[in-house]
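The chain contents come next:
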Amino acid sequence: MKGSKLISHLVLGMMCLAGLASTQSYAAKLPTVTMMVGGIDKQIYLPYQLAQNLGFFKKYGVNMVLSTEQAGGVGAEDAMVSGQVDLAGAWYVHTIDFQQHGKKVIDIVQLSGAPGEREMCAKGSGVKSPEDWKGKVVGVTDLGSGTDDLTLYLAARYHLTPKQFTRVGVGAGQTLIGSLEHGRIVCGMTTQPTVNAIEKMGIGYSAMDLATGDGVKMWLGGFWPTASVLARADWVQAHPDLTQKVVDAMVATMHWIHTHSAADIADHLPPDFVSNQLSSKQEYIKALAQDKGQFLPDGMMPEGGPQTVLSVEKLAGKIHQPIDLAATYTNQYVVKANALLASAPNAGK
């Protein structure tokens, strides 16, 4: 009896090893695609790593190699355009910027419809809208940055000119917190987990929500598409099958986010993403539950979104020639990915 059990265990072990070898062989045969993300550990960029951790890239036929841009290094979108990586996990607005410089870049799947930012204002400041910035100093990441553009646009919507208030670059994280805490700025635009840290310290509050669909509709006048997957138009043309596989994986991830809780999402991310010096895991989950609405459930470009982004760029003085918005994004692959999920409901699980 003992001999038969030993033989059974040996056979089972050989089968497991064979299965592992088969899985490794399968993964080795998958085509490799590289993507750099503009801050892969940021909550606003969580879908890329989540797709990897859920196994969706391999499930849909891609060996995805993810990397993240480093402080002071090349940006994700620039790495993609120069050919250092195939794809970029970056904001949609870069497609417009590149078009002005004669470079054709396409947004192949849209992950969020809001910047994920909040205007955090000092406790006791009484700031409720951009009207209250008059004569005050407001913090942005850097002058000329996306947060600077959004700040200018918010001000203009409330009839405030750039000469009526002051904008200063205060960075993000601890430097922004310090500027708010010591009164160097009355408000500053930032994302999670900095938002949570400011609230936890009791030094500020969220006066303007640019982190949810409802928030951007109120403050910006419509969806403001941000996190996406960008690719060079020539790469997409040369790799339509690979493009479809990547989009299939990302759309499945967006469906997964939409049907799971913030706690479920946090459990499938690297521990150091969800727990760090600015936020505990529970605080991360609370913040994600609050701002989860920024993520689109289907990967489709929101109607009117590109025009809203273009309007912000125009107001910031960054548009110098006519822009063909239709050439900056495509829903072609997203439509097919959603049809695939609809025909096989378990494909996104």
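Model, not experiment: these values are computed from the prediction.

### Some thoughts on the sheet that holds strand 7 (residues 166-169)
- Strand order in the open sheet formed by five strands is 7-6-8-5-9, and the pairing between neighbours is mixed. At either margin of the open sheet sits one strand with a lone partner, and together these are strand 7 and strand 9 (204-210). Sheet twist, expressed as the mean angle between neighbouring strand axes with direction ignored, is 25 degrees.
- Both strand 6 (residues 137-140) and strand 7 contribute to a ladder of four bridges, which runs parallel. Of the residues in strand 7, the one forming a bridge with valine 137 is threonine 166.

### Regarding the packing of aromatic side chains
- A full pass over the atoms with the stated rule returns five aromatic pairs.
- Between tyrosine 158 and tryptophan 219 the ring centres are 5.8 Å apart and the planes differ by 40 degrees, which places this aromatic pair in the tilted class. With tyrosine 158 in the loop between helix 6 (146-157) and strand 7 and tryptophan 219 in helix 9 (residues 213-219), this residue pair connects regions lying 61 residues apart in the sequence.

### Quick word on the side chain of glutamine 244
- Mapping glutamine 244 onto the fold places it in helix 11 (residues 240-258).
- Reaching out from glutamine 244, the side chain makes a polar contact with the backbone oxygen of tyrosine 333 at a distance of 2.9 Å.

### Notes on the pairing of strand 10 (residues 227-232)
- Burial within strand 10 is extensive, with six of its six residues counted as buried.
- For strand 3 (residues 87-91) and strand 10, the ladder comprises five bridges, and the chain directions are antiparallel. Counted as the bridge partner of glycine 89 is valine 229 from strand 10.
- Sheet topology note: the strand 4 (residues 105-110)/strand 10 ladder contains five bridges and is antiparallel. Following the sheet pairing, valine 105 is matched in strand 10 by arginine 232.

### Side note on the pairing of strand 3
- Across the five residues of strand 3, five count as buried, placing the element largely inside the fold.
- Where strand 1 (residues 32-37) and strand 3 come together, three bridges link them in parallel fashion. Residue methionine 35 lies in a different strand from strand 3, and its bridge partner there is leucine 87.

### Overview of the nonpolar core
- Ranked by internal contacts, the top residues of the largest apolar core, which has 83 residues, are Leu87 and Trp133.
- Sorting elements by how many residues they give to this core places helix 11 first, with ten residues.
- Once you skip the residues sitting within four places of it in the chain, tryptophan 133 turns out to touch Glu119, Val127, Val138, Thr151, Leu154, Ala155, Leu160, Gln164, Phe165, Cys187 and Met208.
- In terms of nonpolar packing, the next biggest core, distinct from the first, is built from twelve residues, Met120, Ala122, Leu180 and Ile185 among them.

### Some remarks on the state of the cysteines
- For the structure shown, the criterion picks out one disulfide.
- The disulfide bridge from cysteine 121 ends at cysteine 187, spanning 2.1 Å between sulfur atoms. Disulfide cysteine 121 to cysteine 187: torsion about the S-S bond roughly 105 degrees, handedness right-handed. Of this pair, cysteine 121 sits in strand 5 (residues 117-122) while cysteine 187 sits in strand 8 (residues 187-190), and the two are 66 residues apart along the sequence. By the burial criterion, cysteine 121 is buried, and cysteine 187 matches it.

### Thoughts on the packing of helix 5 (residues 93-100) against helix 15 (residues 305-315)
- As a packed pair, helix 5 and helix 15 sit with axes 10 Å apart at the nearest point and diverge in direction by 60 degrees. Taken together, the axis directions place helix 5 and helix 15 in an arrangement best described as oblique. Note on packing geometry: the crossing formed by helix 5 with helix 15 is right-handed. Between helix 5, through Val93, Ile96 and Asp97, and helix 15, the contact on the second element is made entirely by Val309, Leu310 and Glu313.
- Taken together, the residues that form the contact of helix 5 with helix 15 break down as four nonpolar, no polar and two charged.

### Re helix 2 (residues 46-53)
- With six of its eight residues buried, helix 2 lies for the most part within the structure.
- What helix 2 keeps buried is the set Leu46, Pro47, Tyr48, Gln49, Leu50 and Ala51.
- One or two steps after helix 2, the chain reaches glycine 55, where phi turns positive at roughly 80 degrees.

### A look at the confidence of the model for the protein
- Summarising the model, the protein shows a mean pLDDT of 90, and 90% of its residues fall at 70 or more.
- In this model, residues 1-16 is a region of pLDDT below 50 whose contacts with residues beyond four sequence positions or in other chains number zero contacts.

### Quick word on the sheet that holds strand 2 (residues 63-68)
- Reading across the sheet, the five strands line up as 2-1-3-10-4 and stay open at both edges, with mixed pairing between neighbours. Sheet topology places strand 2 and strand 4 at the edges, where each strand pairs with a single neighbour. Each strand of the sheet is rotated relative to its neighbour by a mean of 30 degrees, with strand direction disregarded.
- The sheet contact formed by strand 1 and strand 2 spans six bridges and is parallel. Paired with threonine 34 across the bridge in strand 2 is valine 65.
- In the packing of helix 5 onto the sheet, the strands contacted are strand 3, strand 4 and strand 10, and the crossing angle to strand 4 comes to about 170 degrees.

### What about unusual backbone geometry?
- Of note, the amide linkage connecting glutamine 192 to proline 193 takes the cis form, showing an omega dihedral of 10 degrees.
- Relative to the assigned elements, proline 193 resides in the loop between strand 8 and helix 8 (194-201).
- Residue histidine 159 is not a glycine yet carries a positive backbone phi of 60 degrees.
- By secondary structure assignment, the location of histidine 159 is in the loop between helix 6 and strand 7.
- Histidine 159 sits in the exposed class, given a relative accessible area of 72%.

Conventions adopted
- Residues numbered from 1 in each chain as written.
- Predicted model: local features only at pLDDT ≥ 70, side-chain atom pairs only at ≥ 80, totals over all residues.
- Heavy atoms only, no water.
- Pairing = 2+ DSSP bridges.
- Helix = DSSP H or I, 4+ residues; strand = E, 2+ residues; numbered from the N terminus.
- Axes fitted to C-alpha atoms, helices over the stretch in contact; angles between N-to-C directions.
- Phe/Tyr/Trp six-rings, centres within 6.5 Å; stacked < 30°, edge-to-face > 60°.
- Polar contact = N/O pair within 3.5 Å; in protein donor to acceptor, adjacent residues only side chain to side chain.
- Buried < 20%, exposed > 50% of the residue type's maximum accessible area, 1.4 Å probe, protein only.
- Core = buried A, V, L, I, M, F, W, Y, C linked by side-chain atoms within 4.5 Å.
- Contact = heavy atoms within 4.5 Å.
- Disulfide = S-S within 2.5 Å.
- Parallel < 35°, antiparallel > 145°, perpendicular 65-115°, else oblique.
- Left-handed = near helix turned anticlockwise from the far one by under 90°.
- Nonpolar A, V, L, I, M, F, W, Y, C, P; charged D, E, K, R; others polar.
- pLDDT = per-residue confidence, 0-100.

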